[in-house]
Amino acid sequence: MEEVTPQEGQRRVQQGALLVDVREQNEFDEIHAEGAQLIALSEFEARAGELPRDRELVMICRSGARSARAGQFLLDQGYSSVVNLAGGTLAWVDAGLPSVRGK
């Protein structure tokens, strides 16, 4: 699966891609990339069908490992346009990209 930098991930979201955060609710509530949609990895297989097949999906987690697993699952289910955000939310925040702290 293709990995993109936080800056490239943000550019793709600005062009219409959906940013999908697969961390758990408590992690998401602490801080998340602005505009991210939460589908926790613990319920991902059950809820993956909620994700559109006609939009690019940019997967994000804390550091990039869980989102890579979730993204690969989507590719295995026939999704065609899925990329992983390298470094995850940590890299997104470090890059100074728009984030939401707290609930």
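Residues numbered from 1 in each chain as written. Predicted model: local features only at pLDDT ≥ 70, side-chain atom pairs only at ≥ 80, totals over all residues. Heavy atoms only, no water.

- Looking at an unreviewed UniProt entry, the protein chain carries the name Putative thiosulfate sulfurtransferase (Rhodanese), with the source organism given as Deinococcus deserti.

**Topic: the nonpolar core**
- Formed by 15 residues in total, the largest nonpolar core has its most connected members in Val20, Val22, Phe44, Leu51, Leu57, Met59 and Leu74.
- Of all the secondary-structure elements, those providing two or more residues to this core are strand E2 (18–21), strand E5 (57–60) and helix H4 (65–76).
- Top contributing element to this core by residue count: H4, with three residues.
- Apart from the residues lying within four places of it in its own chain, the contact partners of Val20 are Gln37, Phe44, Leu51, Leu57, Val58, Met59 and Ile60.
- Counting 13 residues, the second largest nonpolar core, distinct from the first, contains Leu19, Val58, Val83 and Trp92. (Core = buried A, V, L, I, M, F, W, Y, C linked by side-chain atoms within 4.5 Å. Buried < 20%, exposed > 50% of the residue type's maximum accessible area, 1.4 Å probe, protein only. Helix = DSSP H or I, 4+ residues; strand = E, 2+ residues; numbered from the N terminus. Contact = heavy atoms within 4.5 Å.)

**What to know about the packing of aromatic side chains**
- In total, this model carries one aromatic pair according to the counting rule given.
- When the centroid spacing of 6.1 Å and the interplanar angle of 75° are considered together, the rings of Phe44 and Phe73 count as edge-to-face. Here Phe44, found in helix H3 (residues 44–47), pairs with Phe73, found in helix H4; they are 29 residues apart in sequence, far enough to count as distant. Each of the two residues, Phe44 as well as Phe73, counts as buried.
- Above the face of the Tyr79 ring, Arg53 is positioned so that its terminal group lies 4.1 Å from the ring centre. (Phe/Tyr/Trp six-rings, centres within 6.5 Å; stacked < 30°, edge-to-face > 60°. Lys NZ or Arg CZ within 6 Å of the ring centre and 35° of its normal.)

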